[in-house]
Amino acid sequence: MTITLRVFLCVAAFVAAIPFAEASERQIDDATLDRLLERAEENKARLGLTPEQEARVKPIMEAGRDRQLAILERYGFGRGQKPSLRMREKLKLAREMKAARSDTESALSKHMSREQMAIYKDIQDERRERMKAYLNEHKR
């Protein structure tokens, strides 16, 4: 799997867990939004977050999402754009994304139990696998 694809899968998996912007700001249709919000609710239940945990975790996830999206935008991704990056740029992008994910996981681990973090990582792995399968089905 290419580094660009790995980065995309990781970001797609992460972003799918975050509540979305108002309809005027988002780039997805209502049916997709409904499915993603439903999945986010299922994951919240799987994690078993208390209301206090949810209040602490949500801003961390949103900040992590924003950081990853900002990294992608710096490399030219966004709004249907997929830049052609040189290998050095792909490696740098992958390192930055990994650091952002690691920082987010570290911050989350301060508010979630080990069991919840294991579930969180399982959820991320499941999303990556779904995205991989989707991309394989829709190759050009």
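Residues numbered from 1 in each chain as written. Predicted model: local features only at pLDDT ≥ 70, side-chain atom pairs only at ≥ 80, totals over all residues. Heavy atoms only, no water.

Caption draft 1: Highlighting the pattern of salt bridges. Counted according to the given criterion, the structure contains eight salt bridges. Across the pair Arg-46 and Glu-126 runs a salt bridge, and its minimum N-O distance is 2.8 Å. On the criterion of sequence distance, the pair formed by Arg-46 in helix H2 (residues 30-47) and Glu-126 in helix H5 (residues 114-137) is long-range, its members being 80 residues apart. The class of Arg-46 is partly exposed, set by a relative accessible area of 37%. (Salt bridge = Lys/Arg side-chain N within 4 Å of Asp/Glu carboxyl O. Helix = DSSP H or I, 4+ residues; strand = E, 2+ residues; numbered from the N terminus. Buried < 20%, exposed > 50% of the residue type's maximum accessible area, 1.4 Å probe, protein only.)

Caption draft 2: Region of interest: the side chain of Gln-53. Structurally, Gln-53 can be placed in helix H3 (residues 51-74). Residue classification places Gln-53 among the buried residues on the basis of a relative accessible area of 11%. A polar contact of 2.8 Å, which involves the side chain of Gln-53, links it to the backbone oxygen of His-111. Polar contacts involving the side chain of Gln-53 include one to the side chain of Gln-116, which spans 2.8 Å. (Polar contact = N/O pair within 3.5 Å; in protein donor to acceptor, adjacent residues only side chain to side chain.)

Caption draft 3: Main features of the packing of H3 against helix H4 (residues 87-109). Following both chains from N to C, one finds H3 and H4 inclined at 175°, their axes separated by 9 Å at the closest point. When the interaxial angle is binned, H3 and H4 end up roughly antiparallel. Each of Val-57, Ile-60, Met-61, Gly-64, Arg-67, Gln-68, Ile-71, Leu-72 and Arg-74 in H3 lies in contact with H4, whose residues at this interface are Leu-93, Glu-96, Met-97, Ala-99, Ala-100, Arg-101, Asp-103, Thr-104, Ala-107 and Leu-108. Residues of the contact of H3 with H4, tallied by class, amount to eleven nonpolar, three polar and five charged. (Axes fitted to C-alpha atoms, helices over the stretch in contact; angles between N-to-C directions. Parallel < 35°, antiparallel > 145°, perpendicular 65-115°, else oblique. Contact = heavy atoms within 4.5 Å. Nonpolar A, V, L, I, M, F, W, Y, C, P; charged D, E, K, R; others polar.)

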